[in-house]
Amino acid sequence: PIDEPHVDHPADLHRIPFERSPRPMRPMSGHFEGTDVVGPLLEPAPALVDRVARRDEPVETADNILFCAYDRQGFYRSCVCTDGTVRSNRDELLGYLNIETLQAGSEIEDFLGELSSETTDVELTARGPFDEFCAIVDLAKTRLADLGGSTLLEVTRMGEIVANDGSRLGHFEPFGYKDFKVIALYVLFVDPGMISPRELADDDQD
């Protein structure tokens, strides 16, 4: 079972840093220890130092994968395994999804949020670790909506994520309507960066 949140657990702790693809090399002036090279050098950005290289596909076998997430450029982002484990494109553990209880947990099993039926069977309510409202999960239209009913995003029959302005945010593969509940848990609680406008702005600057 996933533990309930600690009182001093900040709500934003579940926003785990997620590497979409290798960051660009940046120039640096200096001297590398153990070399005789001095002057403009290239080094990886700090986020990539001592990190597993970004993978283009999951290490898990197809039988163990529920679906994979790909970013808007089509790069492999993460996979959700049939046991609910979520692993990044650097083979890092991002969290857990309890497919039966529709709960999400962090990599250390802190409670991140859940889906529950508060109105009808075709609409679920997503709430965070402090019972705060996050979104309405519309199962009939495979979309996420705000409290007023306005669409935040939808997932097409091809598994593509489309924002309310029509922009494409990524896709899931394979995609089945039965997986939409798990997809909602994933984007809302484990990998919100996938649908974050801030992350999209960072992409545009790369």
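Shown above is the structure to which this text applies.
Summarised in this report is the structure supplied together with it. (Residues numbered from 1 in each chain as written. Predicted model: local features only at pLDDT ≥ 70, side-chain atom pairs only at ≥ 80, totals over all residues. Heavy atoms only, no water.)

**Overview of the pattern of salt bridges**
Considering all chains together, one arrives at 6 salt bridges under this definition. Residues Asp191 and Arg77 are paired through a salt bridge, measuring 2.5 Å at the closest nitrogen-oxygen approach. Of this pair, Asp191 sits in the loop between helix H1 (180-190) and helix H2 (197-205) while Arg77 sits in strand S4 (residues 76-81), and the two are 114 residues apart along the sequence. Given a relative accessible area of 2%, Asp191 falls into the buried group. (Salt bridge = Lys/Arg side-chain N within 4 Å of Asp/Glu carboxyl O. Helix = DSSP H or I, 4+ residues; strand = E, 2+ residues; numbered from the N terminus. Buried < 20%, exposed > 50% of the residue type's maximum accessible area, 1.4 Å probe, protein only.)

**A few points about unusual backbone geometry**
Along the chain, Glu173 connects to Pro174 via a cis peptide bond; the corresponding omega equals -10 degrees. Here Glu109, not a glycine, exhibits a phi torsion of approximately 70 degrees, which is positive. Despite not being glycine, Thr142 has its phi angle at roughly 45 degrees, a positive value. Considering the arrangement of structural elements, one finds Thr142 in the loop between strand S10 (133-138) and strand S11 (143-145). With relative accessibility at 4%, the residue Thr142 sits in the buried group.

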